[in-house]
Amino acid sequence: MMKVIGKSHQKLDGKERVSGKAVYGHDIELPNMLHGSILRTKYPCAEIISIDTSKALSLDGVECIITANDVDVNNIGYKKDHPILKKGTVNCNRDEIAAVAARTKEIADKAIQLIEVEYKIKEGVYDPFEALKETTPRINEFGKGAEQFGNKNMAESFHYEHGNLEEQKAKSKVIIKKRYELPRVTHACIATSNITAEFNNFDGRLTLWSSTQVPFLYQRDIAHALKMEPSKIRVIQPIIGGGFGSKLDMHPFEPICALLAIKSGKPVQILYSREEEFIASPTRQPMVIELTTGCDENGKFTFREVEIIKDNGAYTSWGATTPFVMMQSYSSLYQVPACKFDSHAVYTNNPFAGSFRGYGNPQATFSIESNIDLMAEELGMSQAEIRLINANYKGEITGQGLHFKTCGAIPALKTVIEKSNYDKIMATPNTGRYRRGVGLGSMLHVGGGAKIYRSDGCGTTLKIDDYGYLTIVTGSNEIGQGSETVLAMIAMEELGIPKEKIKVINTDTDVKPWDVGVHASRTSFVAGNSLLGAIKLIKEKLSKKAIELLDVVTDDWEYANGMMRFNEFEIKLDKVVREMHFASPHELCMVNYFYEPPSKFQDKDFKGDVSGNYAFASQAIEVEVDTVTGNVRVLNVHVSQDVGRVLNPVGLQGQMEGGLATGIGYALTEEMIYEKGVLKNPSFHGYKMLTSTDMPDVHFYPIETYDEAGPYGSKGAGEAPLIPTAAAIANAVSNALGVRFYSLPITAEKVLRALASPTPPKEGLLREAKPVTKHQ
Amino acid sequence: MNFDVISPKTTPELLNAIYDNQSKNFRIGAGFTDLINQFKAQETEGLILINLAQLTEVDFKKISENEINFQIGALTTASELIDNKSIKENFPVLYQAANKLASTQIRNVATVGGNICNVSPSGDMTAALIALKATCHIIDCDGNERKELLSSFIRGLKKTSLTKKELIKNITIPKNFSKNIKSGYEKVGSRKSMEIAIVSLAYHLQMDDKGVITYAGVACGAVAPTIPFTTSACEFLTGKNINDISDSEKEEFAKRVLSYANPISDIRASDWYRKEVLFNISKTIFER
């Protein structure tokens, strides 16, 4: 019986965050600190004829200015196709041309305006299909598309297949081919991008206070960019006000800030304004997906064939690698006998896309789940039934080689179908101004990390002090997701040490052991397992000493209330530790442990069991469409997710609601509107992120499958809640109106235009036309 | 942002501040929910801000009534309007407009006078007050007073009849002559709060005890450079029985409202959408 795990615990830093005491990057002030500001291009596509910084340099309070000509640096990004500071040409509207460090932010901003840049404006390329044409000029001079992929503007390309496609096509009774368009959206972190850099010119060491999600990879990337030794760079993470994948890559402003600190000899801080955050931070990858899917006469899926063109933007960040995740969904979400997947990321003069919670999966899932509804309609089968007969199952090894040792897909689907009254709403006639509809969407995502780097592991150091306090030094990172709270809970459970006596140290690369970073819903999984491994070692140490002190023979100690107990024998933990420290043979009560998940690298064909376990979820979402305004309102979200085991219920609920808020915005309102490479809505006025008042009731039903790979049987849960949301909402809107939308967001205007089209659906006939099969 | 602030506490101090700064570039602010954003986007060097937030004069702040009208001080906040029972009972259109404005935090500081003087085509409280045929009471720093109907006080996009010497002291709304009213504010946007209307419709109808419409005030927001009082649509309704308006009459009414619309296309919506929605919501006001 668990005492701590499975019961709700407040976030460790919850009080500091809500009371304003938490120290974010924006709150850092160092002696003699300067403020940095970046000059970005005026035009998304142009040649730079000249840059004149003389007027800016003569402004009182300006301490240094850098341009590409002043620095000796390497290109950055996944393809190393991205100069930190641009010279010669600019390729997108966030391009950095110069940077200033000055005594105040106001002076730095003013100096930026005084830098004179002469441009020769060029007609840019803003459509990836246009970029692929032979006559289109080469966009990124560092791109290796011509050599690698046979097209100069191709940045990255992936091909995957399994099964016999032609055979499965021949078996298909229904084949649906559709084209889906996904918008560019942004993370909209409440804390804007920030960095503070300090360089010690005596020992050549650089300290960065950074919001990165991946401090050790970041250390390596900064080192490469600046031609430094990685270990001379210390990364300290202040409290991070939102990550969501946006901080998985290093972006130009970060080495720029370091360069300003190195050149000026003083600490420098760069803080983005909200407008700059919209313009210059990474986005979700926009793409066009052409998906063909089939099923046989019984509704069993036969094949999926997909071709994706992604707008990579001018440079290559992690967005180009989202196919790693997308091909998992196309190949393995539901049972898929044959799959062929092609994805091409294409350079354009739009801003480059990065990683974003879900990593391509919301886009893939939207297309897959829409096609499933269409196949069911065509076949005359219920949308619920077709999903249930094709759902993933325990023991399944998919075409891609993913091994589902546990699988909550069917229970999750059944739960949301039942709890949402899916069949009843589907069958209810629909007339009048407000039309109700319900839609289903399911998802598959990694739940036990993802072996992409040479190690997907995480290190832990534990220390118990003379007073019985435990310090957990973990390689993992906290970006608000609540992992450090989960780690504290695990220690409370195992060692019986109260929460007040537990410290989690996780913010300093000079101190903490290796970890890949916070991504792929992995932190509680890898850091939890790592901590459990370390706890086992420290228990061995404590046990050995306690046996000696109490003169008993046992390894069956009960740890509770700061005590170790065995039958009538008991001793305080702090007493044991004091005896270790102060009595011969004098030793520390410290241990180190490194956990590496049992997952495997995928082979060159992208096949292999890449994660320690897999998470499954289904959502049934009920919407109400106002036919007068076109607005879609989400009334109820029923979400059931295979989380392996619930560790911290309140934290998990928070992940659900947060993910859904992002997913609902993606479905209905959020879109970065670009005209010829220029962002037209860089504010919360124009970019419609939903607010708390728009949140529907969230009904969450966790499915516990107790997967042996995870800590206490748990699986990663962070990204899942937003992945099937847009898909389920699109299906619900289609159910409500009888009109289907193939692009996101489903704005009020799109809805009204569809309703005003020459063949509007007939009132009242929508629902009756669809057969509803009961299934149990 | 770099500017001087004067914070008068009494009316004479306020009028003196306006008088003394006639030769300078000054702005008057109360809740600052719009003004600060404007300041961020402009050069504020040499600007003087006359801050009304510390003014203690009750005339600027109270909501009161006499036999013929209600007086609302220009510094009344949206939250104070919402909390006032008489406003809620007598003028649901104004209550709803104030309640649909932005968010609680902004409603707590945003004032009626500010909403009017910001002269936005999507001003929520302004649209309601135009439908209610509200009148502005204006004072100047020479001691003069004048009254002007709100719909004529607004002269164009971002333009009012205010001179540099003047400011609004309060707004009056004629009392309802009937208890039988149909009044509301429809705000169309993509989220429930923190929204600026893509289209809005403010309507206030008074009926006799048989249901015959004796007063109709309808104004539409965000569909033209200013918020029009839709006279021809209102005339069309006057004399008709609210319980007996046919579908074709609803269409005619909506068409007449629409005739006042000359919307723009912007990132939030196209002109097509604004017209379509205005027409659609105009038809629906009789249904509830």
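Predicted model, so just to flag it, every value in this text is computed and none were measured.

A. A look at the overall build of chain B. Scanning chain B from N- to C-terminus turns up 12 helices and 13 strands. Over its C-alpha atoms chain B spans a radius of gyration of 19 Å, differing by no more than 12% from the 19 Å that the globule rule assigns to 288 residues. Over its C-alpha atoms, taken along the principal directions, chain B stretches across nearly 60 × 45 × 30 Å. Counting across all 288 residues of chain B, residues that qualify as buried make up 55%. Sequence-distant contacts in chain B: of pairs separated by 6 or more residues, those separated by 24 or more amount to 62%. Of the roughly 12600 Å² of accessible surface on chain B, a fraction of 48% belongs to carbon and sulfur atoms. With 35 positive and 33 negative side-chain charges, chain B shows a separation of 2 Å between the mean positions of the two kinds.

B. Just the environment of B:V58, in detail. All names here are of chain B. If you trace the backbone, V58 turns up in the loop between β3 (48–51) and β4 (63–65). On the accessibility criterion, V58 (52% relative accessible area) is exposed. A C-alpha to C-alpha distance of 14 Å links V58 and I168, two positions 110 residues apart in sequence.

C. Inspection of the packing of aromatic side chains at higher detail. Residues and elements named next belong to chain A. Within the structure shown, the criterion is met by 21 aromatic pairs over all chains. A centroid spacing of 5.9 Å and a plane angle of 50° characterise the contact between F216 and W514, whose relative ring orientation is tilted. Placement of F216 in helix α7 (residues 215–226) and of W514 in the loop between β19 (502–505) and α16 (523–550) is noted, with a sequence separation of 298 residues between them. Residue class for F216 comes out buried when judged on its relative accessible area of 12%.

D. Local environment of the sheet that holds strand β12 (residues 199–207) of chain B. Residue and element names in this part refer to chain B. Taken in spatial order, the 3 strands make up an open sheet running β11-β12-β13, and their pairing is antiparallel. One side of each edge strand has no neighbouring strand; the edge strands of this open sheet are β11 (180–188) and β13 (213–221). Recorded for the sheet is a direction-independent mean angle of 5° between the axes of neighbouring strands. Pairing of β11 with β12, which is carried by 9 bridges, proceeds in the antiparallel orientation. By the bridge assignment, E186 is partnered in β12 with L201. The sheet contacts of helix α12 (residues 271–284) involve β11, β12 and β13, and relative to β12 the element is tilted by about 20°.

E. The pairing of strand β10 (residues 166–174) of chain B, seen in detail. Residue and element names in this part refer to chain B. Taking burial as the measure, the 9 residues of β10 include 8 buried ones, the bulk of the element. Across 6 bridges, strand β6 (residues 135–140) lies against β10 in antiparallel orientation. Within β10, the position partnered with D140 by the bridge is E166.

F. Focus on the environment of A:W514. Residue and element names in this part refer to chain A. With a relative accessible area of 30%, W514 lands in the partly exposed category. Residues W514 and A68, spaced 446 residues apart in sequence, show a C-alpha to C-alpha distance of 33 Å. Of note is the side chain of W514, whose polar atom sits 3.3 Å from the side chain of S455.

G. Inspection of the sheet that holds β3(B) at higher detail. Residues and elements named next belong to chain B. One open sheet holds the 3 strands; their spatial order is β1-β3-β2, and the pairing between them is parallel. With one partner strand each, in any of the chains shown, β1 (4–6) and β2 (26–29) form the two edges of the open sheet. Between one strand axis and the next, the sheet turns through 25° on average, direction left out of account. In this structure, β1 lies alongside β3, joined through 3 bridges in parallel fashion. Residue pairing across strands places D4 opposite I48, the latter belonging to β3.

H. Inspection of the packing of α16(A) against helix α17 (residues 573–582) of chain A at higher detail. Residues and elements named next belong to chain A. It is the contact of α16 with α17, at a shortest axis distance of 10 Å, that shows an interaxial angle of 85°. What the angle tells us is that α16 and α17 run roughly perpendicular. Touching K541, L542, K545, A546 and L549 of α16 are L573, V576, V577, E579 and M580, all from α17. Within the contact of α16 with α17, the residues separate by chemical class into 7 nonpolar, no polar and 3 charged.

I. Local environment of the domain arrangement of chain B. All names here are of chain B. With domains assigned, chain B is organised as domain 1 (4–51), domain 2 (58–174) and domain 3 (181–284). Between the C-alpha centres of domain 2 and domain 3 there is a distance of 20 Å. Opposite the 27 residues of domain 2 that make contact, domain 3 presents 26 residues. At the boundary of domain 2 with domain 3, total buried surface from both sides reaches about 1900 Å², with 64% on carbon and sulfur atoms. The partner of D124 in a salt bridge is K187, and the shortest N-O contact between them spans 2.9 Å. For the interface between domain 2 and domain 3, the tally reads 9 residue pairs in polar contact (both at pLDDT 80 or more).

J. Just the interface of chain B and chain A, in detail. Taken together, the contact pairs 21 residues of chain B with 25 residues of chain A. Taken over both partners, the interface formed by chain B and chain A buries close to 1900 Å², and the fraction arising from carbon and sulfur atoms is 56%. Taken as a group, B:R191, B:I267 and B:W272 account for 34% of the area that chain B buries against chain A, more than any other trio of residues on that side. At the boundary of chain B with chain A, the tally comes to 1 salt bridge. Residues B:E195 and A:K688 are paired through a salt bridge, measuring 2.4 Å at the closest nitrogen-oxygen approach. Our count for the chain B to chain A interface comes out at 12 residue pairs in polar contact (both at pLDDT 80 or more).

Each value, and the rule that gives it
- Residues numbered from 1 in each chain as written.
- Chains lettered and ligands numbered in written order.
- Predicted model: local features only at pLDDT ≥ 70, side-chain atom pairs only at ≥ 80, totals over all residues.
- Heavy atoms only, no water.
- Helix = DSSP H or I, 4+ residues; strand = E, 2+ residues; numbered from the N terminus.
- Rg over C-alpha atoms; globule rule 2.2 N^0.38 Å.
- Buried < 20%, exposed > 50% of the residue type's maximum accessible area, 1.4 Å probe, protein only.
- Contact = heavy atoms within 4.5 Å.
- Areas by Shrake-Rupley, 256 points an atom, 1.4 Å probe, with all protein chains shown as cover.
- Lys, Arg positive; Asp, Glu negative; His and termini not counted.
- Charge placed at Lys NZ, Arg CZ, Asp CG, Glu CD.
- Phe/Tyr/Trp six-rings, centres within 6.5 Å; stacked < 30°, edge-to-face > 60°.
- Pairing = 2+ DSSP bridges.
- Axes fitted to C-alpha atoms, helices over the stretch in contact; angles between N-to-C directions.
- Polar contact = N/O pair within 3.5 Å; in protein donor to acceptor, adjacent residues only side chain to side chain.
- Parallel < 35°, antiparallel > 145°, perpendicular 65-115°, else oblique.
- Nonpolar A, V, L, I, M, F, W, Y, C, P; charged D, E, K, R; others polar.
- Domains from an automatic or database assignment.
- Buried area = accessible area lost by both parts, 1.4 Å probe.
- Salt bridge = Lys/Arg side-chain N within 4 Å of Asp/Glu carboxyl O.

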